[in-house]
Amino acid sequence: RAMVDVVLIDTAYDGEIFNITLSDVPERKDDLVAGNYELQAPAEPTTVAVKIIDMLGEEVLVMQEV
């Protein structure tokens, strides 16, 4: 958590456009991201995507169908 600057979540990712449903952006440099999130996903099958941006600006996008 100390190396993660931002966590962004899209509960209905279509593979092209990332629409942020939840963002965890700490207000101060000393604050940490929560690291534990609960969200409502759409009733129909969907792809949930989580984008993590670390302190060096590197981005990772993880997707899972639910």
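I will try to describe carefully the structure that is included in this document. Bear in mind that the values here come from a model prediction, so they are computed numbers and not experimental data.

Thoughts on the overall build of the protein chain
Okay, step 1: Within the protein chain, the secondary structure is distributed over zero helices and four strands.
Okay, step 2: Listed N to C, the secondary structure of the protein chain is β-β-β-β in terms of helices and strands.
Okay, step 3: By its C-alpha atoms, the protein chain is 40 × 20 × 15 Å across when sized along the principal axes.
Okay, step 4: Buried residues in the protein chain amount to 24% of all 66 residues.
Okay, step 5: Expressed as a percentage of contacts within the protein chain between residues at least 6 apart in sequence, the contacts between residues at least 24 apart total 50%.

Overview of a nonpolar patch on the surface
Okay, step 1: On the surface, a nonpolar cluster with roughly 380 Å² of combined accessible area is contributed by Met-3, Met-55 and Leu-56.
Okay, step 2: Looking at where Met-3 falls in the secondary structure, it is placed in the segment before strand E1 (4-10).
Okay, step 3: On the basis of relative accessible area, Met-3 is assigned to the exposed category, the value being 55%.

Focus on the packing of aromatic side chains
Okay, step 1: Across all of its chains, the model carries one aromatic pair by this definition.
Okay, step 2: The ring centre of Phe-18 lies 4.9 Å from the NZ or CZ of Lys-51, which sits over that ring.

Remarks on the nonpolar core
Okay, step 1: Formed by Val-6, Leu-8, Tyr-13, Phe-18, Ala-49 and Ile-53, the largest nonpolar core amounts to six residues.
Okay, step 2: Beyond its immediate sequence surroundings of up to four residues, Leu-8 is in contact with Phe-18, Ile-20, Leu-22, Ser-23, Ala-49, Val-50, Lys-51 and Ile-53.

Concerning the sheet that holds E1
Okay, step 1: The antiparallel open sheet is built from four strands, whose spatial order is E2-E1-E3-E4. Both edges of this open sheet fall to strand E2 (22-24) and strand E4 (59-65), since each of them pairs with a single strand only. Strand-to-strand twist across the sheet, computed as the mean angle between neighbouring axes with direction ignored, equals 10 degrees.
Okay, step 2: Judged from the seven bridges that link them, strand E3 (residues 47-54) and E4 form a sheet pairing that is antiparallel. Note that in E4 the partner of Thr-47 across the bridge is Glu-65.

Some points on the environment of Met-55
Okay, step 1: The topology assignment puts Met-55 in the loop between E3 and E4.
Okay, step 2: A sequence separation of 33 residues divides Met-55 from Leu-22, and the C-alpha atoms of the two residues are 19 Å apart.
Okay, step 3: With residues up to four places along the chain from it excluded, the contact list for Met-55 reads Ala-2, Met-3 and Asp-5.

Rules and cut-offs
Residues numbered from 1 in each chain as written. Predicted model: local features only at pLDDT ≥ 70, side-chain atom pairs only at ≥ 80, totals over all residues. Heavy atoms only, no water. Helix = DSSP H or I, 4+ residues; strand = E, 2+ residues; numbered from the N terminus. Buried < 20%, exposed > 50% of the residue type's maximum accessible area, 1.4 Å probe, protein only. Contact = heavy atoms within 4.5 Å. Patch = residues over 30% accessible without salt bridge, like charges linked within 9 Å, V, L, I, M, F, W, Y side chains within 5 Å. Areas by Shrake-Rupley, 256 points an atom, 1.4 Å probe, with all protein chains shown as cover. Salt bridge = Lys/Arg side-chain N within 4 Å of Asp/Glu carboxyl O. Phe/Tyr/Trp six-rings, centres within 6.5 Å; stacked < 30°, edge-to-face > 60°. Lys NZ or Arg CZ within 6 Å of the ring centre and 35° of its normal. Core = buried A, V, L, I, M, F, W, Y, C linked by side-chain atoms within 4.5 Å. Pairing = 2+ DSSP bridges. Axes fitted to C-alpha atoms, helices over the stretch in contact; angles between N-to-C directions.

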